[in-house]
Amino acid sequence: MNGVPSSTYFSGPPEWRWFVALYFFFGGLAGGSYFLASLIALFGRSEDRPLSRLGYYIAFPCVVLGVLLLILDLQRPLRFWHMLIESNTYQPMFKPWSPMSNGSWALLLFGIFAFVSFLGALADAKHIPWAVWRKVHPPSLLGRFIAAIGGIFGVYVSGYTGVLLAVTNRPIWSDTPLLGMLFVVMAASTSAALMILLAKKSRWTMPGLLDLQRMDACVISLELIVLIAVMMSLGPVLRAWLNVWGLLLLFGVIGLGILLPMALYWRSGKRGEHNMITTAALVLVGNFILRLVIVFSAQGV
Amino acid sequence: MAEPMGFYTDTTVCIGCKACEVACKEWNQLPATNGGKNTLSGDSYDNTRRLDGIHWRHVKFIEQFTDDRKDGRWLLMSDVCKHCVHAACLEVCPTGAIIRTEFDTVVIQSDACNGCRDCIAACPFGVIEINPVSGTAQKCTLCYDRMQGGLEPACSKACPTQSIQFGTINELRGRAQKRVEQLHQTGEKRAYLYGADEKMLGGLNSFYLLVDKPEVYGLPPDPKMPTRNLISGTMFSLLGVLLVSLIGIFNFRNRGASEREEARP
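Keep in mind it's a predicted model, so treat the numbers as computed, not measured.

> How should I be thinking about the overall build of chain A in this particular structure?
Counting secondary structure elements, chain A contains 8 helices and 0 strands. Taken from N to C terminus, the helices and strands of chain A fall in the order α-α-α-α-α-α-α-α. Here the C-alpha atoms of chain A give a radius of gyration of 20 Å, agreeing with the 19 Å that 2.2 N^0.38 yields for 301 residues. Dimensions of chain A along its principal axes, counting C-alpha atoms only, are 65 × 60 × 25 Å. When the 301 residues of chain A are sorted by exposure, 57% land in the buried category. In chain A, the proportion of contacts linking residues at least 24 apart, taken out of those at least 6 apart, comes to 74%.

Next comes the structure, spelled out in structure tokens:
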């Protein structure tokens, strides 16, 4: 093909840069933290309730920040509502086959759930005096229902961005169908890492923290497998990473963000609490670099 | 709906005069690059460089010469939006700003676009970009306003060699096929049509007669719709959700169950 490995090389870069890369990071944290908080609330033990609340505390500010970043990234930010309402007819604007369209709706709905659960968590911890909000927090039936539905929206928000990149014609992004899966796994590992980091900084010692760390070790192992699958599925387009982005991927993401945390976890014999903060920080940094590599490298081709 | 309209561009008769670029800029009131302080690209006579938000026509100059320049040829091609029947940009646009007109052409409504740039990433031909004046994505409209008034687009009207021809798609396809046969008879066996049938994105309403591989002209040999990855991408994402959920439930459920065991009197 005249030295070009894919027909995707003839498209133009959309100039999605720092705002979008940061949105991917914070959006993933928002969705992933909510999902983990719901998982702990629905399946965990009662001593782990502060950990579940922590997830909801992270989710809401992160989704607000993420939405603001997205709006600021628009060339006409005041027209952000055109994503939801058709500006000519004022009818709802929804294209199920466009990930950006259904992602906009998912962000709106997830934002509502994140807000409700945020207030529920604050009320559960008695940080706000409105006891009525405790009803929207597990273990009440309504709280469990909200946690489950919000968790589904959360995991959707964490993964649709990967599908959005795949539903383009840019090199790398649209040359693999696995980015959505990678983004889901990345969101889970990053969110678990941030929750561990904040919990340890607060000197929490609930047993769920060790469960969360064990889960994170499993999820980053899965992340490594999915990342290798992504690289293999790219075929000849993998050449696009034979540059500084490839080095960042190899050393920053796989070395620093995946293999080193895995080694620290397994070497500590699942007991080494002193490693928890370092391990979590490395996972966060590695995942952030991975998002930068994915966003920027495809636009430099 | 009116009959589908479009362009047929015969690259073999393009002389690189850029009248199409000028006519397009004039009619559509598109600004100059860098306030008119353009610099030379160093790439042959091509200082337009590419299609973007303020260049809706782009004449490409491809020099194919031997190293000693004793033998060679010019390939010239006036590039434009392909107005695909299955348009990638229209498919992904989340605001409904991109529409299909009664002439089967694809138009971006500037008042509805919010500059999200999803269409830029989706277009397999790299046609769309942001117009810095409007802050919205823009591209060739196939002179929708002129067509509504019964006029032909500015570029084809200005073309002095009939390289750019405007008309109904059916008529243009017949004309183009005859031209290919004529070129074959006169010895130019490399001539073929790019995008003239439904195989490429349902048909390009702006199709080309080329005499070399598409990639030589900067055209994708096999353009695809972005939604080809939608189902597979979603399925793999669901697999990721399933795996992460199982890992999470496995880690937390055991603890919850053992706690319930302990709590039992």
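Picking up where we left off.
> What's the story with the overall build of chain B in this structure? I'm lost.
From N to C terminus, chain B includes 7 helices and 10 strands. Over its C-alpha atoms chain B spans a radius of gyration of 25 Å, topping by over 25% the 18 Å that the globule rule assigns to 265 residues. C-alpha extents for chain B along the principal axes are approximately 95 × 45 × 40 Å. Residues classed as buried in chain B amount to 45% of the 265 residues present. For chain B, contacts bridging at least 24 residues in sequence account for 61% of all contacts bridging at least 6.

> I tried to follow the interface of chain B and chain A on my own but got confused; where do I start?
For an interface, size is often stated in terms of accessible area lost upon the parts coming together. Taken residue by residue, the interface counts 56 residues in chain B and 58 residues in chain A. Put simply, the parts of the chain that give the side of chain B that touches chain A at least two residues each are helix 2 (88-92), helix 3 (118-122), strand 6 (129-131) and helix 7 (230-263) of chain B. Classifying every residue of the side of chain B that touches chain A gives 27 nonpolar, 18 polar and 11 charged.

> I would appreciate a short explanation of the pairing of strand 10 (residues 206-210) of chain B in the present structure.
If a strand is regular, its side chains alternate between the two faces of the sheet. Residue and element names in this part refer to chain B. By the criterion of burial, strand 10 is predominantly enclosed, with 5 of the 5 residues buried. Burial of strand 10 is two-sided: the residues S206, Y208 and L210 facing one way and the residues F207 and L209 facing the other way are all buried. By the bridge criterion, 3 bridges tie strand 9 (residues 192-194) to strand 10 in an arrangement that is antiparallel. Residue Y194 lies in a different strand from strand 10, and its bridge partner there is Y208.

> Would you take a moment to explain the environment of S233 of chain A for this structure?
Residue and element names in this part refer to chain A. Relative to the assigned elements, S233 resides in helix 6 (residues 208-234). Taking the number of C-beta atoms within 10 Å as the measure of exposure, S233 has 15 and is therefore partly exposed. Residues S233 and I172, 61 residues apart in the sequence, show an inter-C-alpha distance of 9.7 Å. Those residues in contact with S233, other than ones at most four positions away along the chain, are T176 and L178.

> I would appreciate a short explanation of the domain arrangement of chain B in the present structure.
Structurally, chain B comprises domain 1 (5-224) and domain 2 (227-263). A straight line from the C-alpha centre of domain 1 of chain B to that of domain 2 of chain B covers 48 Å.

> Quick question: what am I supposed to make of the sheet that holds strand 1 (residues 5-10) of chain B here?
In any sheet, the strands associate via hydrogen bonds between backbone groups, in a parallel or an antiparallel arrangement. Residues and elements named next belong to chain B. Across the sheet, which stays open at both edges, the 4 strands sit in the order 8-1-10-9 with mixed pairing between neighbours. Unpaired on one side and paired on the other, strand 8 (164-168) and strand 9 mark the two borders of the sheet. When the angles between neighbouring strand axes are averaged without regard to direction, this sheet yields 25°. Pairing of strand 1 with strand 8, which is carried by 5 bridges, proceeds in the antiparallel orientation. Looking at strand 8, one finds that M5 is bridged to T168.

> Can you help me understand the nonpolar core in this one?
Side chains that are nonpolar tend, in soluble globular proteins, to be buried together. Core analysis: the biggest nonpolar cluster contains 171 residues, and A59, L182, V185, M195 and V219 of chain A together with C89 and C119 of chain B have the highest contact counts within it. In terms of residues, this core owes the most to one element, helix 1 (residues 18-43) of chain A, which gives 17 residues. When residues are assigned to domains, this core turns out to be shared by domain 1 (5-224) and domain 2 (227-263) of chain B, each giving three or more. Sequence-distant contacts of V185 of chain A, defined by excluding residues within four places in its chain, comprise V219, L222, E223 and V226 of chain A together with G240 and V244 of chain B.

Basis of the calculations
- The numbering scheme is per chain: residues are counted from 1 as the chain's sequence reads.
- Throughout, the order in which chains and ligands are written sets their labels, letters from A for the former and numbers from 1 for the latter.
- Given that the model is predicted, a residue must reach a pLDDT of at least 70 before its local features are reported, and side-chain atom pairs must reach 80 or more before they are shown or counted; all residues, however, enter totals for whole chains, interfaces and linings.
- Going along the chain from the N terminus, every DSSP run of H or I of four or more residues is numbered as a helix, and every run of E of two or more is numbered as a strand.
- Each radius of gyration reported is based on C-alpha atoms, and the globular scaling rule is 2.2 Å times the count of residues to the power 0.38.
- Our exposure labels follow a C-beta count within 10 Å of each residue's own C-beta, placed from the backbone: buried means 20 or more other C-beta atoms, exposed means 12 or fewer, and partly exposed covers the counts in between.
- Remark: residues whose backbone-derived C-beta atoms lie within 7 Å of one another are considered to be in contact.
- Under the scheme applied, nonpolar residues are Ala, Val, Leu, Ile, Met, Phe, Trp, Tyr, Cys and Pro; charged residues are Asp, Glu, Lys and Arg; polar residues are all the others, including Gly.
- Pairing between strands is defined by DSSP: at least two bridges between them are needed.
- Boundaries between domains were set according to an automatic or database domain assignment.
- Axis lines are fitted to C-alpha atoms, over the contacting stretch for helices. Their N-to-C directions set the angle, which ranges from 0 to 180 degrees.
- The term nonpolar core means buried Ala, Val, Leu, Ile, Met, Phe, Trp, Tyr and Cys residues held together as one set by C-beta atoms within 7 Å.

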